[in-house]
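Chains, contacts and geometry: an overview
Residues per chain are reported as follows:
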Amino acid sequence: MTYESLIFDIDGTLWDSRELVAQGYNIQLRAEGLEKYCVTAQDLKPLFGRVMTEIADALFPFLPEGERYGLMERCMATENRFLHDNPCHIGYPKVAQTIHALSKKHRLFIVSNSQRGYPDLCIEKLGLGEDIRGHLCFGDTGTSKGKTIRALMERYHIENCAYVGDTQGDYEATLEAGIPFIWAAYGFGTPAGFDARIDAFSDLLTL
């Protein structure tokens, strides 16, 4: 089937930012005297794709809820600044070239469970500014990824689309949104189902 639009996840689909995100979090944790709670890229792998509050619950269960989420917000703000100053050579092979080629026949968008500003950084660092028509994230909507997908579809009058992602959470979001799921099998997860599979990002050109 041919889709008028494609909507992309970020982490595990367009790039692998785990190491840089961990470094960004750790800058803030050290600044607050919380060195013993510093994280690694491996710690973050099962958490990528979850919303901010769920990541905070997993990383900082020792803190009361309000403090936990406040710390998470500060870590993510520091992460954004760190990524902004880093060249971020972390995109998967041929992402920019593939996105540019796809943009000639499809409208392309991003939906992420990230904080506000993160999709903009990804678009800037990977050089996708001319090809991505719009984006939404958890930081914009404060709701589930499935509802965020639907919000983006309504905003841009999208009727025929598929979502490209890599995790079980992405798959569940497409079920909630009522759209097909294309599994990026090179990413971080093994979802329970999918409508199509790619083993490299450039496979989208021949799918």
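The sections below set out a description of the structure shown in this document. (Residues numbered from 1 in each chain as written. Predicted model: local features only at pLDDT ≥ 70, side-chain atom pairs only at ≥ 80, totals over all residues. Heavy atoms only, no water.)

What follows is about the nonpolar core. F8, L14, Y25, L44 and M72 are the most contacted members of the largest nonpolar core, which totals 55 residues. No other element matches helix α4 (residues 65-85), which puts seven residues into this core. In this view, F8 contacts L14, I99, L102, L108, F109, I110, V111, Y163, V164, F201 and L204; residues no more than four positions away in its chain are not counted. The next biggest cluster of nonpolar side chains, apart from the first, holds 16 residues, and it includes V111, I149, A177 and I179. (Core = buried A, V, L, I, M, F, W, Y, C linked by side-chain atoms within 4.5 Å. Buried < 20%, exposed > 50% of the residue type's maximum accessible area, 1.4 Å probe, protein only. Helix = DSSP H or I, 4+ residues; strand = E, 2+ residues; numbered from the N terminus. Contact = heavy atoms within 4.5 Å.)

Further remarks concern the side chain of R107. Among the secondary structure elements, R107 is positioned in strand β2 (residues 107-112). Residue class for R107 comes out buried when judged on its relative accessible area of 17%. A distance of 2.8 Å separates a polar atom in the side chain of R107 from a polar atom in the side chain of E4. A distance of 3.5 Å separates a polar atom in the side chain of R107 from the backbone oxygen of H157. Contacts of R107, omitting those with residues within four sequence positions, involve E4, S5, L6, R133, Y156, H157 and I158. (Polar contact = N/O pair within 3.5 Å; in protein donor to acceptor, adjacent residues only side chain to side chain.)

This part is about the sheet that holds β2. Backbone hydrogen bonds hold the strands of a sheet together, and the pairing may be parallel or antiparallel. Taken together, six strands build an open sheet; the order of strands is β3-β2-β1-β4-β5-β6 and the sheet is parallel. In this open sheet, the two strands that pair with only one neighbour each are β3 (132-137) and β6 (196-198). Strand-to-strand, the axes of this sheet are offset by a mean angle of 25°, without reference to chain direction. Bridge count between β2 and β3: five bridges; the pairing is parallel. By the bridge assignment, F109 is partnered in β3 with G134. Strands β1 (5-8), β2 and β3 of the sheet are contacted by helix α5 (residues 95-102), whose axis makes an angle of about 155° with β1. (Pairing = 2+ DSSP bridges. Axes fitted to C-alpha atoms, helices over the stretch in contact; angles between N-to-C directions.)

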